[in-house]
Amino acid sequence: MARVLIAGGGIAGAITAIALHEVGHEPVLYEAYDRSAEGVGAFLTLAVNGLDALTPLGLKPLVKDLGFDTPRMTLGLGNGRQLSEFPLGGALPDGTVSQTVLRSDLYVALRDEAVRRGVATEFGKRLTDASQTADGVTATFADGTKAHGDLLIGADGLRSTVRGILDPAAPSPRYVPLLNTGGFARGLDLDDEPGVMHMVFGRKAFFAHVLAPDGAVWWFANVPHASEPTESELAAMRGPGWRKRLLDLARPDRTPATAIIEASENIYEPWATYDFPTVPVWHRGRIGLIGDAAHATSPAAGQGAAMAIEDAVTLAKCLRDVSDPAAALTTFETLRRERVEAVVAQGKRNGDAKAPGPVGRVLRDFFITRAMRKPATDDPNRFMWEHRIDWTAPVKAA
């Protein structure tokens with residue numbers, strides 16, 4: 001049994017802890033903040049490949065109870081024309097389809113389940129440094145305390161400290177020229193079928209909404225923004241002016257976007273979009289990366305949480321079947337790198353269509369319309385949601 005220190009107590013960290021506990025290791029979660037992340041974050045749609053990966057951990061029913069089925073999506077243009085309707089990520093043999101869920105609900109459920117299973121969690125532990133020997137790892141935190149273990153896993157996200165410890169020359173995240181926002185609207189009478197995600201390439205912004213079973217409208221928008229915004233620029237966008245800007249962007253389109261924005265009591269403050277085309281160093285010795293710390297993908301892939309879940313299950317298999325920690329981390333990278341980098345690349349392609357200039361928008365709409373007349377026989381996103389992990393198959397060291 002290995003004592004595994006996990007830096008980062010979010011979704012990736014919690015699911016990694018649960019998976020490692022399942023195979024008999026002793027994970028310990030270290031969260032930088034001195035409180036939980038309850039109520040923080042927007043919503044996400046968890047694809048069926050992520051849901052399937054939860055099955056061997058006994059977590060799929062728990063996650064399904066958090067949100068609602070999202071089996072289909074429509075694609076349209078700002079002129080009001082609906083181009084196509086198609087399944088959103090297929091379905092599992094038992095009928096399970098993609099689930100739309102609040103990010104904070106998913107986090108809380110996984111955190112609480114980790115605690116229920118006996119995983120230790122310490123808050124207010126911001127990792128600042130780590131060192132290793134042939135026999136173990138020592139993590140140092142901002143409060144001056146230290147922790148010792150057999151491995152250290154960095155599940156500390158886009159701005160990972162562990163990534164910098166592994167490779168001081170690690171690349172910075174790549175800015176994807178979009179701002180994100182969203183919210184929840186009530187009191188609208190939309191002629192929508194609950195659970196169908198409606199996505200629109202608008203004249204000035206990308207807008208998507210889905211009617212929840214309780215009548216609320218969950219929505220998000222991607223706003224083109226050519227240069228990476230500074231924190232002061234983002235701060236200047238916040239407040240009532242942000243709602244006005246979104247309404248100005250939505251009004252040229254013949255869609256429900258304007259009504260939905262107006263009916264939203266609170267709107268998420270804008271945040272920038274990033275991804276990582278590649279991270280050269282995933283591990284050294286007994287220290288490794290997982291989730292966004294190794295391969296952040298833009299939301300346009302719809303795979304961020306699913307990739308973290310796949311990572312966690314694959315890492316647990318490697319540490320179950322490969323006795324040497326360094327060899328297990330090497331094997332994990334061998335099994336995951338090609339897939340996650342392909343997902344990042346596909347997410348970038350999906351996102352690029354959301355941020356064209358005026359001329360680019362005309363060309364985009366023309367080619368999207370033409371493509372929808374004769375849908376491709378092979379959905380370019382299919383490889384993402386058709387992936388399955390065989391939990392019972394033994395892993396051989398790379």
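Before any of the text, the structure's been laid out above.
Nothing here was measured: the structure is a model prediction, and the numbers come from that model.

## Thoughts on the packing of aromatic side chains
Right, on to step 1. Applying the stated rule across the entire model yields 13 aromatic pairs.
Right, on to step 2. Ring centres 5.0 Å apart and planes at 80 degrees place the aromatic pair Phe-68 and Trp-218 in the edge-to-face group. Of this pair, Phe-68 sits in strand S4 (residues 68-69) while Trp-218 sits in strand S16 (residues 217-224), and the two are 150 residues apart along the sequence. An identical accessibility class is assigned to Phe-68 and Trp-218; each is buried.
Right, on to step 3. Linked through ring pairs, Phe-43, Phe-68, Phe-184, Phe-201, Phe-206, Trp-218, Phe-220, Tyr-268 and Trp-271 together constitute an aromatic cluster.

## Digging into helix H1 (residues 11-22)
Right, on to step 1. The terminal C-alpha atoms of H1, which comprises 12 residues, lie 17 Å apart, in line with the 16 Å expected from a rise of 1.5 Å per residue.
Right, on to step 2. With 10 of 12 residues buried, H1 lies mostly within the body of the structure.
Right, on to step 3. Inspection of H1 places Ile-11, Ala-12, Gly-13, Ala-14, Ile-15, Thr-16, Ala-17, Ile-18, Ala-19 and Leu-20 among the buried residues, and these make up the whole buried set.
Right, on to step 4. Each element contacted by the buried residues of H1 is listed here: strand S1 (3-7), strand S2 (26-30), strand S3 (43-46), helix H2 (48-54), helix H4 (103-116) and helix H10 (304-321).
Right, on to step 5. Gly-24 occupies a position one or two residues after H1 and carries a positive phi of about 95 degrees.

## Re the nonpolar core
Right, on to step 1. Core analysis: the largest hydrophobic core is formed by 76 residues, its most contacted members being Leu-46 and Leu-152.
Right, on to step 2. Here this core gets 11 residues from one element, more than from any other, and that element is H10.
Right, on to step 3. Once you skip the residues sitting within four places of it in the chain, Leu-46 turns out to touch Leu-51, Leu-54, Val-63, Ser-98, Gln-99, Ala-305, Ala-306 and Ile-309.
Right, on to step 4. Leu-190, Ala-205, Leu-211 and Tyr-274 belong to the second-largest nonpolar core, a separate cluster that totals 24 residues.

## Quick notes on the sheet that holds strand S9 (residues 127-132)
Right, on to step 1. If you trace the 3 strands from one edge of the open sheet to the other, you get S9-S10-S11, paired in antiparallel fashion. In this open sheet, the two strands that pair with only one neighbour each are S9 and strand S11 (146-149). Taking each pair of neighbouring strands and ignoring which way they run, the sheet shows an average axis angle of 20 degrees.

## Concerning the pairing of strand S10 (residues 137-141)
Right, on to step 1. Across the 5 residues that make up S10, a large majority, 5, are buried.
Right, on to step 2. With burial as the criterion, each face of S10 is covered, one bearing Val-137, Ala-139 and Phe-141 and the other bearing Thr-138 and Thr-140.
Right, on to step 3. Pairing geometry for S9 and S10, over 5 bridges, is antiparallel. Counterpart to Ala-130 in the pairing with S10 is Ala-139.
Right, on to step 4. Here S9 folds back onto S10, and the loop between the two strands holds 4 residues.
Right, on to step 5. Across 4 bridges, S10 lies against S11 in antiparallel orientation.

## Quick notes on the side chain of Thr-331
Right, on to step 1. Along the chain, Thr-331 turns up in helix H11 (residues 325-352).
Right, on to step 2. Under the relative-accessibility criterion, Thr-331 is labelled buried at 1%.
Right, on to step 3. Polar side-chain contacts of Thr-331 include one of 2.8 Å to the backbone oxygen of Ala-327.
Right, on to step 4. If we skip the residues at most four places from it in the chain, Thr-331 touches Cys-318, Val-322, Val-395, Lys-396, Ala-397 and Ala-398.

## Some points on the packing of H10 against H11
Right, on to step 1. For the pair H10 and H11, interaxial distance at closest approach is 9 Å and the crossing angle is 160 degrees. Classified by the interaxial angle, the pair formed by H10 and H11 is roughly antiparallel. In the packing of H10 onto H11, the handedness of the crossing is right-handed. In this structure, H10 contributes Met-307, Glu-310, Asp-311, Thr-314, Leu-315, Cys-318 and Leu-319 to the contact, and H11 contributes Ala-328, Leu-329, Thr-331, Phe-332, Leu-335, Arg-336, Arg-339, Val-340 and Val-343.

Definitions and cut-offs
- Residues numbered from 1 in each chain as written.
- Predicted model: local features only at pLDDT ≥ 70, side-chain atom pairs only at ≥ 80, totals over all residues.
- Heavy atoms only, no water.
- Phe/Tyr/Trp six-rings, centres within 6.5 Å; stacked < 30°, edge-to-face > 60°.
- Helix = DSSP H or I, 4+ residues; strand = E, 2+ residues; numbered from the N terminus.
- Buried < 20%, exposed > 50% of the residue type's maximum accessible area, 1.4 Å probe, protein only.
- Expected span 1.5 Å × (residues − 1).
- Contact = heavy atoms within 4.5 Å.
- Core = buried A, V, L, I, M, F, W, Y, C linked by side-chain atoms within 4.5 Å.
- Pairing = 2+ DSSP bridges.
- Axes fitted to C-alpha atoms, helices over the stretch in contact; angles between N-to-C directions.
- Polar contact = N/O pair within 3.5 Å; in protein donor to acceptor, adjacent residues only side chain to side chain.
- Parallel < 35°, antiparallel > 145°, perpendicular 65-115°, else oblique.
- Left-handed = near helix turned anticlockwise from the far one by under 90°.

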